[in-house]
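Chain by chain, the residues run as shown.
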Amino acid sequence: MVTWKSEDGGKNMEGDSWRSGGDDYHRIWINPHNPDIMLFAVDQGAIITVNGGKTFSSWYNQPTAQFYHVSTDNAFPYNVYGGQQENGSVGIASRSK
């Protein structure tokens, strides 16, 4: 994945291959008060940078993911099942006993 960024209003663009995670980048949020803080939404969840993209958090240590289908069963407590976008499936109890 190559992401392009500009620090001068688009006059110059710098490409960087950010290997922090995700196959498909869907959304970006840039902190309006500190543009060094950015969040990227990817198939596997989210990755965050606090230093303008020099380093990123890993999506491996965050309880986030993009689900394209979610269903439940009739157990009590019920279980939740979901297919993650290009990242396998998950099944988990809705709450503990």
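Throughout what follows, the structure given in this document is the object of discussion. (Residues numbered from 1 in each chain as written. Predicted model: local features only at pLDDT ≥ 70, side-chain atom pairs only at ≥ 80, totals over all residues. Heavy atoms only, no water.)

## Observations concerning the nonpolar core
Proteins that are soluble and globular tend to have nonpolar side chains buried together. Convention followed: Nonpolar cores were defined as sets of buried Ala, Val, Leu, Ile, Met, Phe, Trp, Tyr and Cys residues, with membership established by side-chain atoms within 4.5 Å. Categorising residues by exposure relies on relative accessible area from a 1.4 Å probe, with only protein chains included: less than 20% of the type maximum marks a residue as buried, more than 50% marks it as exposed, and the intermediate range marks it as partly exposed. We count a stretch as a helix when DSSP gives it H or I for four or more residues in a row; a strand needs E for two or more, and each element gets its number in order from the N terminus.
Judged by nonpolar contacts, Tyr25, Met38, Phe40, Val42, Ile47, Phe56 and Trp59 together constitute the single largest core of 7 residues. Considering each element in turn, this core owes the most residues, 3 residues, to strand β4 (residues 38-42).

## Some thoughts on the environment of Arg27
Applied cut-off: Here, residues are in contact when the closest pair of their heavy atoms is within 4.5 Å.
The residue Arg27 is located in strand β3 (residues 25-30) in this model. Separated by 14 residues in the primary sequence, Arg27 and Ala41 have C-alpha atoms spaced 5.0 Å apart. Apart from the residues within four sequence positions on either side, Arg27 is in contact with Leu39, Phe40 and Ala41.

## Some details on the sheet that holds β3
Condition: The rule for pairing is simple: two strands pair if DSSP sees at least two bridges between them. Interaxial angles span 0 to 180 degrees and are taken between N-to-C directions of axes, which are lines fitted to C-alpha atoms, for helices over the stretch in contact.
Taken in spatial order, the 3 strands make up an open sheet running β3-β4-β5, and their pairing is antiparallel. The sheet terminates laterally at β3 and β5 (45-49), the two strands that pair on one side only. With strand direction ignored, the average angle separating the axes of adjacent strands in the sheet is 20°. Two elements, β3 and β4, share 5 bridges in a ladder whose sense is antiparallel. When the bridges of β4 are listed, Ile30 appears paired with Met38.

So, to be careful, I would describe these as geometric facts and stop short of saying anything about function.
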